[in-house]
Amino acid sequence: MERKDWLLQYGSLKEGLHHFDYHLDNDFFDSFEQDLVLNGHVNVLLNVYRSENYLQLDFKIEGTLGKECDVCLSELDYPIKGEASLHVKISDKEIEDEPDLIQVPTAEIELDLRQHLFDYTLLQLPMRIECKDSVNRKECDAELLSKLNQPEDDEKPANEDHPEWQKLKGIFKN
Ligand SMILES: [Zn+2]
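Residues numbered from 1 in each chain as written. Predicted model: local features only at pLDDT ≥ 70, side-chain atom pairs only at ≥ 80, totals over all residues. Heavy atoms only, no water.

### Considering the overall build of the protein
Helices and strands together make up the secondary structure of the protein, namely four helices and eight strands. When the helices and strands of the protein are placed in sequence order, the string is β-β-β-α-β-β-β-β-β-α-α-α. For the protein, the proportion of its 174 residues judged to be buried stands at 38%. Across the protein, the fraction of contacts at a sequence separation of at least 24, relative to all contacts at a separation of at least 6, is 57%. Only carbon and sulfur atoms are counted for the fraction: they give 47% of the accessible area of the protein, which is about 11200 Å². (Helix = DSSP H or I, 4+ residues; strand = E, 2+ residues; numbered from the N terminus. Buried < 20%, exposed > 50% of the residue type's maximum accessible area, 1.4 Å probe, protein only. Contact = heavy atoms within 4.5 Å. Areas by Shrake-Rupley, 256 points an atom, 1.4 Å probe, with all protein chains shown as cover.)

Pasting the structure below:
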């Protein structure tokens with residue numbers, strides 16, 4: 001069943017394995033104050049293993065994220081596919097913080113997965129994104145590239161701090 005909200009109601013889950021489907025669309029990514037991705041269409045299959053005082057959440061993540069090419073600044077759809085796990089200890093005793101391990105008090109019955117879904121999805125992106133690796137473009141935009149590589153003022157090379165460069169980037173974004 002496809003989930004419409006991001007709350008995992010684990011309080012009502014029987015011990016054992018449970019499956020959930022999530023679809024992260026443009027509305028989902030727009031709901032975060034972020035400029036890491038332009039948009040996205042991502043399916044997440046979540047397996048939850050519940051025991052009395054413990055939950056293991058295994059996320060299988062697959063889809064595309066909209067990004068700007070790091071070379072020519074074209075907008076592209078980058079394919080992602082990966083996995084992540086989150087361990088949840090249900091306890092009122094303080095535990096030490098560990099990566100991918102969180103603690104919830106015994107009085108809680110639900111867990112908001114919204115931020116986790118966002119973080120785990122973004123973690124699937126590599127450091128560098130190029131047109132040749134995208135699903136909608138084969139190669140970088142030659143016209144944009146030649147503009148980017150040609151400084152407007154011959155004496156000063158274009159760089160990130162140059163005001164002309166900032167202006168140029170603004171134009172490409174529109
Ligand atoms: Zn490109």
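### Section: the pattern of salt bridges
Two side chains carrying opposite charge are able to pair once their charged atoms lie near each other. If you walk through the whole model with that rule in mind, you get two salt bridges. The closest approach of N and O atoms between Glu-130 and Arg-128, which form a salt bridge, is 2.9 Å. Judged by its relative accessible area of 48%, Arg-128 is partly exposed. The partner of Lys-132 in a salt bridge is Asp-133, and the shortest N-O contact between them spans 3.7 Å. (Salt bridge = Lys/Arg side-chain N within 4 Å of Asp/Glu carboxyl O.)

### Considerations on the nonpolar core
Ranked by size, the top nonpolar core spans 41 residues in total, and within it Tyr-22, Leu-24, Phe-29, Leu-57, Phe-59, Leu-113 and Leu-117 carry the most contacts. Elements represented by at least two residues in this core include exactly strand 3 (16-24), helix 1 (26-30), strand 4 (39-51), strand 5 (54-68), strand 6 (75-90) and helix 2 (114-122). Sort the elements by how many residues they give to this core and strand 6 lands first, with seven residues. Look past the residues within four positions of Phe-59 in its chain and what remains in contact with it is Val-44, Leu-45, Leu-46, Gly-82, Glu-83, Ala-84, Leu-86, Leu-113, Leu-117 and Tyr-120. (Core = buried A, V, L, I, M, F, W, Y, C linked by side-chain atoms within 4.5 Å.)

### A short note on the coordination of the zinc ion
Of the protein atoms, only Cys-69 (SG), Cys-72 (SG), Cys-131 (SG) and Cys-140 (SG) coordinate the zinc ion, at distances of 2.2 to 2.4 Å. Because the angles between the four donor atoms bound to the zinc ion fall within 105 to 114°, the donor set is best described as tetrahedral. Considered as a linear motif, the donors of the zinc ion on their single chain read C-x2-C-x58-C-x8-C. Pair noted here: Cys-72 is in the loop between strand 5 and strand 6 and Cys-131 is in the loop between helix 2 and helix 3 (142-149), with a separation of 59 residues, a long-range link. Like Cys-131, Cys-72 is buried. (Donors = N, O, S within 2.8 Å, 3.2 Å for Na, K, Ca; no water. Tetrahedral: all angles 85-135°; square planar, octahedral: opposite > 155°, others 65-115°.)

### So, the packing of aromatic side chains
The tally for this structure, following the rule as stated, stands at seven aromatic pairs. An angle of 50° between the planes, with centres 6.2 Å apart, marks the rings of Phe-29 and Phe-118 as tilted. Of this pair, Phe-29 sits in helix 1 while Phe-118 sits in helix 2, and the two are 89 residues apart along the sequence. Given the relative accessible area of 5%, Phe-118 is considered buried. Chaining the aromatic ring pairs together yields one cluster made of Trp-6, Tyr-22, Phe-28, Phe-29, Phe-32 and Phe-118. The ring of Phe-32 is capped by Arg-114, whose NZ or CZ atom sits 3.9 Å from the centre of that ring. (Phe/Tyr/Trp six-rings, centres within 6.5 Å; stacked < 30°, edge-to-face > 60°. Lys NZ or Arg CZ within 6 Å of the ring centre and 35° of its normal.)

### Describing unusual backbone geometry
Generally, phi is negative for residues other than glycine and the peptide bonds are trans, each holding for most cases. In this model, Leu-73 sits at a positive phi of 70°, which is unusual for a non-glycine residue. Examined against the element boundaries, Leu-73 turns out to sit in the loop between strand 5 and strand 6. For Asp-100, which is not glycine, the phi dihedral falls at a positive 60°.

### What about the environment of Glu-15?
Assignment of secondary structure puts Glu-15 in the loop between strand 2 (7-8) and strand 3. Put simply, Glu-15 and Tyr-54 are 39 residues apart on the chain and 9.6 Å apart in space, counted from C-alpha to C-alpha. Not counting chain neighbours up to four residues away, the residues in contact with Glu-15 comprise Arg-50, Ser-51 and Glu-52.

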